[in-house]
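Analysis of the macromolecular model
So the chains spell out like this:
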Amino acid sequence: MFATEFLDIPSLQAASGTVVLPGSKSISNRVLLLAALSGGTTTVHDLLDSDDTRVMLAALQQLGCGITRDADAVIIEGLDGRLKNAQAQLFLGNAGTAMRPLTAALALLGGDFELSGVARMHERPIGDLVDALRRLGCRIDYLGHEGYPPLRVSPPALQLGVPIRVRGDVSSQFLTALLMALPLIAATQNVVIEVVGELISKPYIEITLNLLARFGIAVRRDGWQRFTIAKGSRYQSPGAIHVEADASSASYFIALGAITAGTSGQKDVRIEGVGADSIQGDIRFIEAARLMGAQVASGPNWLEISRGAWPLHAIDLDCNHIPDAAMTLAVMALYADGPSLFRNIASWRVKETDRLTAMATELRKLGATVEEGADFLRVTPPASPAHWRAASIHTYDDHRVAMCFSLAAFNPAGLPVRIEDPKCVAKTFPDYFEALFSLAHTFTACIPVICVDGPTASGKGTLAATLAQRLGYHYLDSGALYRVTALAAGRAGLALDTAHEVAIAAMAQSLPVRFVGDRVWLDGADVTDTIRTEEAGMNASKVSSLPAVRTALVALQHSFRQLPGLVADGRDMGTIIFPDAPLKIYLTASAGHRAERRYKQLISKGFPAILDSLRADLEARDARDSSRRVAPLKPAGDALLLDNSDLTIEESVNQVLGWWQGKQLFGTS
């Protein structure tokens, strides 16, 4: 997961390949609560691992529910309708699928509870659900603003016998909460729920009814206005249950296939984990994507999408049946042949943020013309590639805003897109951006590289590794490659001489090496300390004298240039390896400062050292490196010089980040 302040996505050109989706958030949290309320043990397979499910699991454990994990499942020991802990303070983050159902269940079961969340959760209405529960005799008090969490729940004095009325035009989660909680009190009589007004987001109620049936609860539905839970209802575990992949998350990759051309030899975007027969309402996003021109094939638990009509067709659509996935349509509308209208989406205003205003604001940044109404959005795409704009997308701590706007990186103007606070996708899809980059393709020149060159002990490795971490970019420590190559050759039984040059070069071309922070990994093992010895340095010198190996390692270094970008440090990154890099830094410091740093480093590790000798060695090495025939140490012609003799690492990093920001097409919003 990208946990950076922002993520810059360069211009993307095409996409193809297979993505395996995480489990559905809507199904996951419903299944967890139903399993907890049931009698018996439930093994939940393919559960979504996200912020929302973690807060639900933590809450259930506080209530006394037994929860264990094995390799690929979560095992829930049901409470059989009786809480073990009748007093708790529950923090539920920004998870509406936890706050609303738990409020209803705890209000009926009885006990003393406080339910709270993040600031945005305290802005999401819950008053209609509370009013319905209070009419039943539940005792619920607001601890902040009337109609909103946080809440205090106390033991009820239940008054049964009359229909329970709840509004349906604000959030379907209110009805879902009642449907999941009321079987707890249906032992002796039927329980009836009447919906006041139009019920929005009906597909989510269908998910709830489907899952209730899996746990032994039959609900009779009269249209969408009246629901009856039969007398004698009792939750019973189904034993094992599999969570479908998230159909809302599928929308981003359906859109990806619709707006991008495939790559050579592989035309389609394939989605595994969900098919057209899904119980989730958002799977009907397929119908909308087809209306816009996408070609979609489906089978058991998979979808394949390819681009059909281009540009996409503009549409006019009532989106009540796909409220979350409709956000993706709004971004697809940027690629349409005219204005698109998305209606009946008032529920957007009471989600993780006011999504109507958020989507309108961010679409305008990209160059679209947008009309925002009380329950609709009309999106007119940029008139031509010249009308597109590079934009920094504010995500409002809303996972779906972050994910759907990543698709704007495929714009015809070849402009990058910045996603602020990319870690907000952890709510439902922590590895979303990694999944996107695994499918996306672009011209090599579009992938940004920051080169950090400089003499020995200048601190370039520390600076480059920190820059990569701050930007979410890949990291290449080129100096370590020769040491790693020598280590791998020795382990393979290859002598470091010309007789084995071809074999070592062949191995070096696909060396399984990774750089994570200041650690070096070879074939899944940390070899950082192994390659820092004096012997490893001598072996690296032997390897570097083999021309075929040097050529192979150039190709290996080029392979590190992957999405979303690369920070590379060494001595010839800007001059030889990545001469087209948009930012080149030549980092230096006086020999005295470098010798003092090396001295302190060696002493801290228990190695003896003499400061004057270290300085003399560094000066001699500088002279050799700058005068060598192949790739001499020197700044690239367009490199920016940074003398860090008197700078801290943080000051150096901030200086380079400032230079990098100055080269970008957008600023923060």
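Note: the structure precedes this text.
The paragraphs below set out a description of the structure included in this document. (Residues numbered from 1 in each chain as written. Predicted model: local features only at pLDDT ≥ 70, side-chain atom pairs only at ≥ 80, totals over all residues. Heavy atoms only, no water.)

1. Section: the overall build of the protein chain
Just so we agree on the cut-off: Put simply, DSSP marks the helices as runs of H or I at least four residues long and the strands as runs of E at least two long, and each gets a number from the N terminus on. For each residue, the accessible area found with a 1.4 Å probe, counting protein chains only, is set against the maximum for its type, and the residue is called buried under 20%, exposed over 50%, and partly exposed in between. Only the protein chains shown count as cover for residues, and the accessible areas themselves come from Shrake-Rupley with a 1.4 Å probe. The convention is simple: Lys and Arg are positive, Asp and Glu are negative, and His and the chain ends are not counted. The atom standing in for a charge is NZ when the residue is Lys, CZ when it is Arg, CG when it is Asp and CD when it is Glu.
A tally of helices and strands in the protein chain yields 21 helices and 33 strands. Once the C-alpha set of the protein chain is aligned to its principal axes, its extents read approximately 95 × 60 × 45 Å. Expressed as a percentage of the 669 residues in the protein chain, the buried residues total 57%. Approximately 26100 Å² of the protein chain is accessible, and the part contributed by carbon and sulfur atoms is 51%. Looking at the protein chain, you have 63 positive and 70 negative side-chain charges, and the mean spots of the two groups are 1 Å apart.

2. Let's talk about the environment of Val 31
Selection rule: Residue contacts are defined here by distance: any two heavy atoms, one from each residue, within 4.5 Å place the two residues in contact.
When you line up the elements, Val 31 lands in helix α1 (residues 25-37). Setting aside residues up to four positions removed in sequence, Val 31 forms contacts with Val 44, Leu 211, Phe 215 and Ile 241.

3. Looking at the layout of surface pockets
Selection rule: Only protein atoms enter the 1 Å grid, on which a cavity is a set of points fitting a 1.4 Å probe that cannot get out and a pocket is an open set with protein on both sides within 12 Å along at least 5 of 7 lines, lining residues being those with an atom within 4 Å of a point. Grid points are joined across faces, edges and corners, and a volume is the space filled by probe spheres set on the points. Amino acids outside the nonpolar list (Ala, Val, Leu, Ile, Met, Phe, Trp, Tyr, Cys, Pro) and the charged list (Asp, Glu, Lys, Arg) are all regarded as polar, and Gly is one of them.
Considering only enclosed or pocket space, the second largest pocket measures out at about 680 Å³ in volume. Counting only elements with at least two residues in the lining of the second largest pocket, the list comes to α12 (432-439), α13 (460-471), β27 (474-477) and β28 (513-516). Across the lining of the second largest pocket, the residue classes tally to 13 nonpolar, eight polar and two charged.

4. Examining helix α15 (residues 501-509)
The line we're drawing: Taking the helix axis as origin, the arc is that swept by the directions to the C-beta atoms.
Here α15 has its buried residues at Glu 501, Ile 504, Ala 505 and Ala 508. Down the axis of α15, the buried set is contained in an arc of 100°. They therefore lie on one face. Of the surrounding secondary structure, the elements contacted by the buried residues of α15 are α14 (478-491) and α17 (547-558).

5. Remarks on the sheet that holds strand β15 (residues 240-242)
Adjacent strands of a sheet pair through backbone hydrogen bonds, lying either parallel or antiparallel. Quick reminder of the rule: At least two DSSP bridges between two strands are needed for those strands to be called paired. With axes taken as lines fitted to C-alpha atoms, and helix axes fitted only over the stretch in contact, angles between N-to-C directions fall between 0 and 180 degrees.
Ordered in space as β5-β6-β4-β15, the four strands form an open sheet in which the pairing is mixed. On the outer flanks of this sheet lie β5 (66-69) and β15, each paired with one strand and no other. The mean angle between the axes of side-by-side strands here comes to 20°, regardless of whether they run parallel or antiparallel. Summarising the sheet, strand β4 (residues 41-45) and β15 pair through three bridges and their orientation is parallel. Each bridged residue has a counterpart across the sheet, and for Thr 43 the counterpart in β15 is Ala 240. Against the sheet, α1 makes contact with β4, β6 (73-77) and β15, and its axis sits at roughly 35° relative to β6, the strand it touches most. Strand contacts of helix α2 (residues 51-62): β5 and β6, with the helix running at about 135° to β5, the strand carrying the most contacts.

6. Details of the environment of Ala 14
For Ala 14, the position within the fold is in strand β2 (residues 14-15). A sequence separation of 612 residues divides Ala 14 from Ser 626, and the C-alpha atoms of the two residues are 42 Å apart.

7. Regarding the pattern of salt bridges
To be explicit about the condition: Any carboxyl oxygen of Asp or Glu within 4 Å of a side-chain nitrogen of Lys or Arg constitutes a salt bridge here.
Inspection of the entire model under this criterion finds 36 salt bridges. For Arg 532, the salt bridge goes to Asp 477, with nearest N and O atoms at 3.4 Å. You can see Arg 532 sitting in the loop between β30 (525-526) and α16 (534-544) and its partner Asp 477 sitting in strand β27, a full 55 residues away along the chain. Assessed through its relative accessible area of 42%, Arg 532 is described here as partly exposed. Judged by relative accessible area, which is 11%, Asp 477 ranks as buried. Within the structure, one salt-bridge network assembled from shared partners comprises Lys 25, Asp 52, Asp 246, Asp 324, Lys 351, Glu 352, Arg 355, Asp 398, Arg 400 and Lys 427.

8. Things to note about α13
What counts is decided by this rule: Each helix should span, by expectation, one fewer than its residue count multiplied by 1.5 Å.
Its twelve residues place the ends of α13 16 Å apart at the C-alpha level, agreeing with the 16 Å of an ideal helix rising 1.5 Å per residue. All of the buried residues along α13 are Lys 460, Leu 463, Ala 464, Ala 465, Thr 466, Leu 467, Ala 468 and Leu 471. Buried residues in α13 make contact with β1 (6-9), β26 (449-453), β27, β31 (566-570), β32 (583-588) and α21 (649-663). Directly beyond the C-terminal end of α13, a positive phi value near 75° is found at Gly 472.

9. Thoughts on empty space enclosed by the protein
In total, this model carries four cavities of 30 Å³ or more according to the counting rule given. Here the largest cavity is characterised by a volume of approximately 160 Å³. What lines the largest cavity is a set of 19 residues, among which Lys 25, Thr 97, Gln 173, Asp 324 and Lys 351 lie closest to the centre. Contributions of two or more residues to the lining of the largest cavity are made by α1, α3 (96-109), α5 (172-181) and α11 (399-405).

10. Concerning the sheet that holds strand β18 (residues 302-306)
With mixed pairing, the four strands of this open sheet are ordered in space as β3-β16-β18-β17. Of all the strands in the sheet, just β3 (17-20) and β17 (295-299) have a single pairing partner and so form its edges. Mean inter-strand twist for the sheet, computed between neighbouring axes without regard to direction, equals 20°.

11. Points about the pairing of β31
By the criterion of burial, β31 is predominantly enclosed, with five of the five residues buried. Here β31 shows a buried face lined by Leu 566, Ala 568 and Gly 570 and a second buried face lined by Val 567 and Asp 569. The sheet contact formed by β26 and β31 spans five bridges and is parallel. Paired with Val 449 across the two strands is Leu 566, which belongs to β31.

12. Some points on the nonpolar core
Where we set the bar: Here, nonpolar core means buried Ala, Val, Leu, Ile, Met, Phe, Trp, Tyr and Cys residues that are tied together by side-chain atoms lying within 4.5 Å of each other.
Counting residues in hydrophobic clusters, the biggest one holds 85 residues, and the most contacted among them are Phe 253 and Leu 377. Sort the elements by how many residues they give to this core and helix α7 (residues 247-259) lands first, with nine residues. In terms of nonpolar packing, the next biggest core, distinct from the first, is built from 79 residues, Leu 47, Ala 107, Ala 132 and Ile 241 among them.

13. Section: the packing of aromatic side chains
The following threshold applies: The rule is short: rings of Phe, Tyr and Trp, with Trp giving its six-membered ring, pair when the centres are within 6.5 Å, and they are stacked under 30 degrees, edge-to-face over 60, tilted in between. Charges are assigned to positions over rings by a cutoff of 6 Å between ring centre and Lys NZ or Arg CZ, combined with an angular limit of 35 degrees from the ring normal.
Applying the stated rule across the entire model yields eleven aromatic pairs. Geometrically, the ring pair formed by Trp 310 and Tyr 335 is tilted, given 6.0 Å between the ring centres and 35° between the ring planes. Taken as a pair, Trp 310 in the loop between β18 and β19 (316-318) and Tyr 335 in the loop between α9 (326-332) and β20 (340-343) lie far apart in primary sequence, 25 residues in all. Trp 310 gets classed as partly exposed once you look at its relative accessible area, which sits at 40%. Between the aromatic rings of Tyr 432 and Phe 433, the centroid separation amounts to 5.1 Å while the plane-to-plane angle is 75°, which identifies the pairing as edge-to-face. Side by side, Tyr 432 and Phe 433 carry an identical accessibility label, which is buried. An aromatic cluster of at least three residues, connected via ring pairs, comprises Phe 2, Tyr 252, Phe 253, Phe 429, Tyr 432, Phe 433 and Phe 437. If you follow Arg 221 out to its NZ or CZ, it ends over the ring of Trp 224, 3.9 Å from the centre.

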